[in-house]
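# Coordinate analysis (summary)
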Amino acid sequence: MELKTLIKADRVSFAYSRKTVLNNISFTIAEGEVVTLLGPNGCGKSTLIKVMLGLLSPLSGRIIFNGENIAHMSPKYLAREIAYVPQIHKSSFPYTVMDVVLMGRIPHKTFFFSYSKNDMNIAVDALERLSILHLANRAYTEISGGERQLTLIARALAQGAKTFIMDEPASGLDYGNQLRLLDQIVKLSREGYTFIKSTHSPEHALWVADRAIMIKNGAVVADGACDNVISDENLFHLYNARVSVLKLNGSLRVCVPRTICGCMELTGSPQTNAFHDLAGIPEDKMKKNIKASHHGRISEKDESGVFSNKRPDG
Amino acid sequence: MKSNLFFPVMLFILVLTAAFSMTLGKYPLTLNDIGGFFLFKIFGAGSMEPERYQLLRSLLIDIRLPRIIAAILIGASLAVAGTSFQAMFVNPLVSPSLLGVLAGASFGAALGMVFSKSWVAVQLLTFCFGFVAVLISVGIARMHKGNTILLLVLGGVISGALFTSLLSIIKYIADPFNQLPAIVQWLMGGLSFVDRKVLLTAGIPQLVSIVLITFFSGYLNALSMGDEEARALGIPVEKIRMFLIFLATLMSALTVVLAGIIGWVGLIIPHAARMIVGPDNKVLVPASAFIGAIYLVVVDDVSRMLFNVEIPIGITTSLIGIPFFAIILRKAKKGWN
């Protein structure tokens, strides 16, 4: 693959006073890649993201963007290239969604500025691309978490950057909004945007990312295509969690905790047929089974209910 | 209200309020008198007896006009300083006194009144200690690593407490017959302290600061989203914040130089303005300036006219501000959690 290297982390280390948080981290990210950072709480993901954004200066090593050390780039210039999409938050002031998206135009403004017609058009365009133009005049404090996350992505689009760095974008979102967020990431990555995002959900990486970088105790422990890297062993090593990575039809994979898998006798073999079966069940039958499990066993023995799918019509 | 009509309307209300305030006083005048006087003075239109001209001149030019201009400048300065502090400290509950400028300036004024006979020295000390207090806050915040906003707030608490204690010492050692009453009156604020020469020296930096903060108001929106986001939006956060703190301190310290301590304006006017024009700082900053100016002119009228003796304006602003704040709390808290 002859992809252009966009970001290169070159032996980056960082420490808060005496506590080492990042230890000699190196990797490269190509243009257009969707990269997921995985790792347990406190592993240094967020710190790494801040270092990549230039918010923290590394103790040693450097982050190179397009061949240039970001330490030597002005915040303004960097902001035109890399957009930060933070976790959803509540603003202290009820700015309209439009106001928030317009903030993305700040790096394109001179010292004293007001927003031009062009800025307005760009902001409207960004809202339209995420299908949230109808929210433009609503207060940012009064829309839902999912809508706030989309607003922050719209702001990143308005910023004109082609690289998005997201710190756990799915956290605090309900299930539906998480999926819609992933949809947007897939959509934008097809348009050529580069994504670097951290997540606590390996499945999100399996579904939308090309590549996963696993970080533990401030060091990269695995780096590669998601399908190769996100494995039972690696997840156990990373999270100390016993998980089976199962392959569905095609190349799609899901993670299922072993405690739940236990009843399916899946031990050790991720590519069992169980989930081929599941994926092969016609939709109406699936519904029926779900209904059955609703009526029946929703207690501590629910696991078996969930996997009653294994025995169709059983 | 259409935003392109808002500012002309505000300007009109301000001029109207100012003109009306000129008529008020121990020697009542009508708007006609005032109009006639200014037409005569500026354009030489109409005629006026020399005695009446002298009387109107001393009433309007020497006494009432400086006072009203001071009220406009002080009201606008405190409101703009408050608005920018609320945005940059990401908290709608802070006021310009957050970093200790008013405490420092109070101490400076008291120090001058006790140890110096010269009024200029008092004013210089007021101004300087306003800055010293803020420098101490910033210095304390700089000594530690971590959340800058929180550290600045804590630095302000420390610095404010320090200068409040120092002020107590000065009050304690002040001569209780002459100096202490003067200090106490100063701390209650009053536009009767205003004199024309000082107004000129203080007014220009205040105006410049208001204009500069208005220019920077687009950054305030981003700063109020937190340091990291602001920085990721390409804003050199520390530089801009220090610059804005400098401007706000300059304006606030000068209000104390002009008229002593006038509380609550910097806290409630930004709220009131936000209720009218919304939270976007690009509109909010200039709107606060106008509303603060109008408010202080009106409150000064009330202070002058309500009773036979003038009530210190700091008391009036508090008495009006406190219930107003209690009322708007309900509405304003929407954006806080």
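Fair warning: this is a prediction, and the values are worked out from it, not measured in the lab.

Turning to the overall build of chain B, a few remarks are in order. For chain B, the helix and strand inventory stands at 13 helices and zero strands. For chain B, the succession of helices and strands along the chain, N to C, is α-α-α-α-α-α-α-α-α-α-α-α-α. Scaling as 2.2 N^0.38, a compact globule of 337 residues should have a C-alpha radius of gyration of about 20 Å, and chain B matches this with 21 Å. For chain B, the spread of C-alpha atoms along the three principal axes comes to 70 × 55 × 35 Å. Expressed as a percentage of its 337 residues, the buried residues of chain B come to 49%. For chain B, contacts bridging at least 24 residues in sequence account for 74% of all contacts bridging at least 6.

Before going further, it helps to spend a moment on the overall build of chain A. Looking only at helices and strands, chain A features 13 helices and 12 strands. Across the 314 residues in chain A, those meeting the buried criterion constitute 40%. For chain A, the proportion of contacts with a sequence separation of at least 24, taken over those separated by at least 6, is 65%.

The next subject is the domain arrangement of chain B. Residues and elements named next belong to chain B. Under the domain assignment, chain B is made up of domain 1 (15–54) and domain 2 (88–335). Here domain 1 and domain 2 have C-alpha centroids that lie 33 Å from each other. Between domain 1 and domain 2, the residue contacts involve five residues of the former and six residues of the latter. In terms of residue class, the side of domain 1 that touches domain 2 is made up of two nonpolar, three polar and no charged.

Residue and element names in this part refer to chain B. Between the first and last C-alpha of helix α3 (residues 50–88) there are 54 Å, a value that for 39 residues agrees with the 57 Å anticipated at 1.5 Å per step. Of all the bends in α3, the greatest, near 40°, is centred on Arg64, and the proline Pro66 appears no more than four residues after it. Note on α3: the residue one or two positions beyond its end, Val90, has a positive phi of about 50°.

A word on the domain arrangement of chain A. All names here are of chain A. Partitioning chain A into structural domains gives domain 1 (5–234) and domain 2 (253–310). Tallying the contact residues gives five residues for domain 1 and four residues for domain 2. At three residues, helix α7 (residues 202–208) tops the list of elements feeding residues into the side of domain 1 that touches domain 2.

Think of two packed helices as two axes; the pair is described by the angle between the axes and how far apart they sit. Residue and element names in this part refer to chain B. Packing of α3 against helix α8 (residues 196–223) brings their axes to within 9 Å, and their N-to-C directions diverge by 25°. By the angle between their axes, α3 is roughly parallel relative to α8. Both α3 and α8 take part in a crossing whose hand is left-handed. Facing α3, whose interface residues are Pro66, Ile69, Ala70, Leu73, Ala76, Ser77, Val80, Ser84, Ala87 and Met88, α8 presents Arg196, Leu199, Gly203, Gln206, Ile210, Ile213, Leu220 and Leu223. Here the contact of α3 with α8 is built from residues that sort into 13 nonpolar, four polar and one charged.

Adjacent strands of a sheet form backbone hydrogen bonds with each other and so pair up, either parallel or antiparallel. Residue and element names in this part refer to chain A. Ordered in space as β6-β7-β8-β3-β9-β10, the six strands form an open sheet in which the pairing is mixed. One side of each edge strand has no neighbouring strand; the edge strands of this open sheet are β6 (82–85) and β10 (219–225). Neighbouring strand axes in the sheet, compared pairwise and without regard to direction, differ in orientation by 15° on average. As paired strands, β6 and strand β7 (residues 163–166) are joined by four bridges and run parallel to one another.

Attention now moves to the nonpolar core. Membership of the largest hydrophobic core comes to 183 residues, with the highest contact counts inside it found for Val101 and Ala154 of chain A. It is α3 of chain B that provides the largest number of residues to this core, a total of 16 residues. Not counting residues within four places of it along the chain, the set of residues in contact with Val101 of chain A comprises Ala123, Ala126, Leu127, Thr151, Ala154, Arg155 and Ala158 of chain A.

This part takes up the interface of chain B and chain A. Between chain B and chain A, the contact holds 24 residues from the first and 22 residues from the second. At the level of secondary structure, the elements contributing two or more residues to the side of chain B that touches chain A comprise α8 and α9 (227–232) of chain B. Along the lines of polarity and charge, the residues of the side of chain B that touches chain A split into 11 nonpolar, seven polar and six charged.

So, on to the sheet that holds strand β4 (residues 60–65) of chain A. Residues and elements named next belong to chain A. As summarised here, the arrangement of the four strands in space is β2-β1-β4-β5, forming an open sheet in which the pairing is antiparallel. Only two strands of the sheet have a single neighbouring strand rather than two, namely β2 (19–30) and β5 (68–69). Two elements, strand β1 (residues 5–16) and β4, share five bridges in a ladder whose sense is antiparallel. Pairing of Asp10 across the sheet is with Arg62, part of β4.

This next bit is on unusual backbone geometry. All names here are of chain A. The phi dihedral of Ser131 falls on the positive side, at around 55°, and the residue is not glycine. Along the chain, the position of Ser131 falls in the loop between α4 (117–129) and α5 (145–158). At Asn240, a residue that is not glycine, the phi angle is positive and equals roughly 55°. With respect to the helices, strands and loops of the structure, Asn240 is situated in the loop between α9 (232–239) and β11 (243–247).

What follows concerns the pairing of β11 of chain A. All names here are of chain A. The element β11 is extensively covered by neighbouring structure, given that four of its five residues are classed as buried. Both β11 and strand β12 (residues 253–257) contribute to a ladder of five bridges, which runs antiparallel. Bridge assignment links Val243 to a residue of β12, and that residue is Pro257. Counted along the chain from β11 to the antiparallel partner β12, the turn is five residues long, and its residue Gly250 has a positive phi close to 70°.

Quick look at the confidence of the model for chain B now. Overall, the predicted model of chain B reaches an average pLDDT of 91, with 97% of residues at or above 70. The ipTM assigned to the predicted complex is 0.87, against a pTM of 0.87.

All names here are of chain B. Between helix α5 (residues 119–143) and helix α10 (residues 237–259), whose axes approach to 9 Å, the crossing angle comes to 145°. Considering only the axes of α5 and α10, their crossing is right-handed. Contacts between α5 and α10 pair Gln123, Thr126, Phe127, Gly130, Phe131, Val134 and Val138 from the former with Ile245, Thr249, Ser252, Ala253, Leu254, Val256 and Val257 from the latter. Looking at side-chain class alone, the contact of α5 with α10 contains nine nonpolar, five polar and no charged residues.

Moving on to helix α6 (residues 148–173) of chain B. All names here are of chain B. Here α6 spans 37 Å end to end across 26 residues, near enough to the 38 Å set by a 1.5 Å rise per residue. All of the buried residues in α6 are Leu152, Gly155, Gly156, Ser159, Gly160, Phe163, Leu167 and Ile170. Of the surrounding secondary structure, the elements contacted by the buried residues of α6 are α4 (101–115) and α5.

What counts and what doesn't
- Residues numbered from 1 in each chain as written.
- Chains lettered and ligands numbered in written order.
- Predicted model: local features only at pLDDT ≥ 70, side-chain atom pairs only at ≥ 80, totals over all residues.
- Helix = DSSP H or I, 4+ residues; strand = E, 2+ residues; numbered from the N terminus.
- Rg over C-alpha atoms; globule rule 2.2 N^0.38 Å.
- Buried ≥ 20, exposed ≤ 12 C-beta atoms within 10 Å, placed from the backbone.
- Contact = placed C-beta atoms within 7 Å.
- Domains from an automatic or database assignment.
- Nonpolar A, V, L, I, M, F, W, Y, C, P; charged D, E, K, R; others polar.
- Expected span 1.5 Å × (residues − 1).
- Bend = angle between axes of the 7 residues up to and from the residue.
- Axes fitted to C-alpha atoms, helices over the stretch in contact; angles between N-to-C directions.
- Parallel < 35°, antiparallel > 145°, perpendicular 65-115°, else oblique.
- Left-handed = near helix turned anticlockwise from the far one by under 90°.
- Pairing = 2+ DSSP bridges.
- Core = buried A, V, L, I, M, F, W, Y, C linked by C-beta atoms within 7 Å.
- pLDDT = per-residue confidence, 0-100.

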